[in-house]
Amino acid sequence: MSKKISLIGAGQIGGTLAHLIALKGLADDIVLFDLAVGLAKGKALDIAQSSGVSGFNTNLKGTNNYKDIKDSDVIIITAGVPRKPGMTRDDLLGTNLKIIKQVAEGIKSNASEAFVICITNPLDIIVMALQKYSGLPTQKVVGMAGILDSSRFKYFLSQKLGKPITEISSLVLGGHGDTMVPLPNHTIIDGKSLASILEEKKISDNDLKSIIQRTRKGGAEIVKLLEKGSAFYAPAASGVEMAESYLKNQKKTLPCAAYLNGEYGVKNLYAGVPVIIGEKGVEKVIELKLNKIEKDNFDVSIKAVKELFESAIKIDSSLSK
Ligand code: TXD
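Draft legend 1. A look at empty space enclosed by the protein. Tallying each qualifying case throughout the model produces 1 cavity of 30 Å³ or more. Roughly 40 Å³ of internal volume is contained in the largest cavity. Lining of the largest cavity is provided by Asp124, Ala145, Gly146, Asp149, Val172, Leu173, Gly174, Gly175, His176 and Gly272. At the level of secondary structure, the elements contributing two or more residues to the lining of the largest cavity comprise helix 6 (146-161) and strand 8 (172-173). Each residue belonging to the lining of the largest cavity can be placed in one class, and the counts come to 3 nonpolar, 5 polar and 2 charged.

The following block contains the structure:
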């Protein structure tokens, strides 16, 4: 059964997504959609022309016509504007909310059966608005952020401890913003809990605090260095992991912005939690046992997401329904 992935947004992340998906042979057909149709067509052609070197047989098409996303199995959305130095993710709300409404219409009319992964910032709000505007089932609409944030946290730990990142497992929960919640008590390094490594003084409490802070500011650090645009390699790799778990029914447990209907004491809101992604989409929300500090930090993060969603409702009151 041939697989089709459509990428709405052919910018930095969209182009990287297309290349990674082609290299992994994850789809038979990739559609790059962008208002800047030349960008979409140019990147599709350029990646297609690399197939003779990299040996993939994926069909790539660039377009600005939503009819071309028909029958997509997966849609990954990066349409929107990225941050400039000094901007917060929240500063993108007004512009990207308007864009996601257009994108939602395009998906609703042409590919309402797809599994939709949203990457556009401010992520938790945009993915919730996308689900409301599109009317797709909450199980089939999910946001990418936690995998990226967890990978940044693991990377900083691996650099500090001199351990391979592949030997580190961890999770970051909550909103994709400055209140995100890395979970030291759910972090295993080389088979040892982070708590025991702290006891062995291989890393100090202050080191850990700095790593958590650097994780929260991970996006801004790259925006400052790039001066134009924001991170795109790690975000794209994170989106591909979600798409692969769906297409191959891998049922991986991944930290994603998912719809909560009472889990973690939260109702009718998208936020970063561990979920199982399989052929049905978000198949289950995993409720971790959080200690008091983790739960308090998670609640602070949820409050920040709720407050930003209130700002979204002020822009478009239809989102309050
Ligand atoms: O972890 C995460 N979720 C974040 C998300 C990690 C990094 C970046 N994050 C956000 O992804 C970022 O703040 C932006 O909101 C999106 C996309 O970032 P990218 O770096 O790919 O931005 P680009 O290169 O500007 O690409 C955006 C493309 C660009 O080519 C526009 O022409 C296109 O979006 N665009 C549209 N396409 C379709 N339809 C509409 N309306 C539209 N408007 C802009």
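Draft legend 2. Seen up close, the environment of Leu254. Relative to the elements of secondary structure, Leu254 occurs in strand 12 (residues 252-261). Distance from Leu254 to Ile276, taken between C-alpha atoms, is 6.4 Å for residues 22 residues apart in sequence. Apart from the residues within four sequence positions on either side, Leu254 is in contact with Ile147, Glu241, Met242, Ser245, Val273, Pro274, Val275 and Ile277.

Draft legend 3. Spotlight on the site of the ligand. Contacts to the ligand come from 27 residues, most closely from Gln12, Asp34, Gln102, Ile119 and Met144. Gln102 is positioned such that a nitrogen or oxygen atom in its side chain is 2.8 Å from a nitrogen atom of the ligand. Contact distances for the ligand include 2.9 Å between a nitrogen atom and a backbone N or O atom of Met144. Burial of the ligand by the protein amounts to 89% of the accessible area it has alone, namely 860 Å². Its atoms largely coinciding with the cavity grid, the ligand occupies the largest pocket. Counting only elements with at least two residues in the shell around the ligand, the list comes to helix 1 (12-24) and helix 4 (93-110). In terms of residues, the shell around the ligand owes the most to one element, helix 4, which gives 3 residues.

About the thresholds
- Position numbers for residues count from 1 along each chain, tracking the sequence in the order it is written.
- The predicted origin of the model limits local features to residues at a pLDDT of at least 70 and limits the giving and counting of side-chain atom pairs to 80 or more, whereas totals for whole chains, interfaces and linings rest on all residues.
- Values reported for side chains reflect all heavy atoms of the structure, with hydrogen atoms and water molecules removed beforehand.
- The way it works is a 1 Å grid over only the protein atoms, where trapped points that fit a 1.4 Å probe form a cavity and open points with protein on both sides within 12 Å along at least five of seven lines form a pocket, and then any residue with an atom within 4 Å of a point lines it.
- Grid points are joined across faces, edges and corners, and a volume is the space filled by probe spheres set on the points.
- Runs of H or I in DSSP of at least four residues are treated as helices and runs of E of at least two as strands, each being numbered from the N terminus.
- Amino acid classes used here: Ala, Val, Leu, Ile, Met, Phe, Trp, Tyr, Cys and Pro are nonpolar; Asp, Glu, Lys and Arg are charged; the rest, including Gly, are polar.
- In this description, contact between two residues means that some pair of their heavy atoms is separated by no more than 4.5 Å.
- Nearness here has a simple test: a residue counts as near a molecule or strand if at least one of its heavy atoms is within 4 Å of that partner.
- We define a polar contact as two N or O atoms separated by no more than 3.5 Å, with the added condition that, inside protein, one atom must be a possible hydrogen donor and the other a possible acceptor, whereas residues neighbouring each other in sequence contribute only through side-chain atom pairs.
- Residue exposure ignores everything except the shown protein chains as possible cover, and the areas themselves are Shrake-Rupley values with a 1.4 Å probe.
- A cavity or pocket is said to hold a molecule if more than half of that molecule's atoms lie within 2 Å of its grid points.

The values are spatial; any link to function lies outside them.
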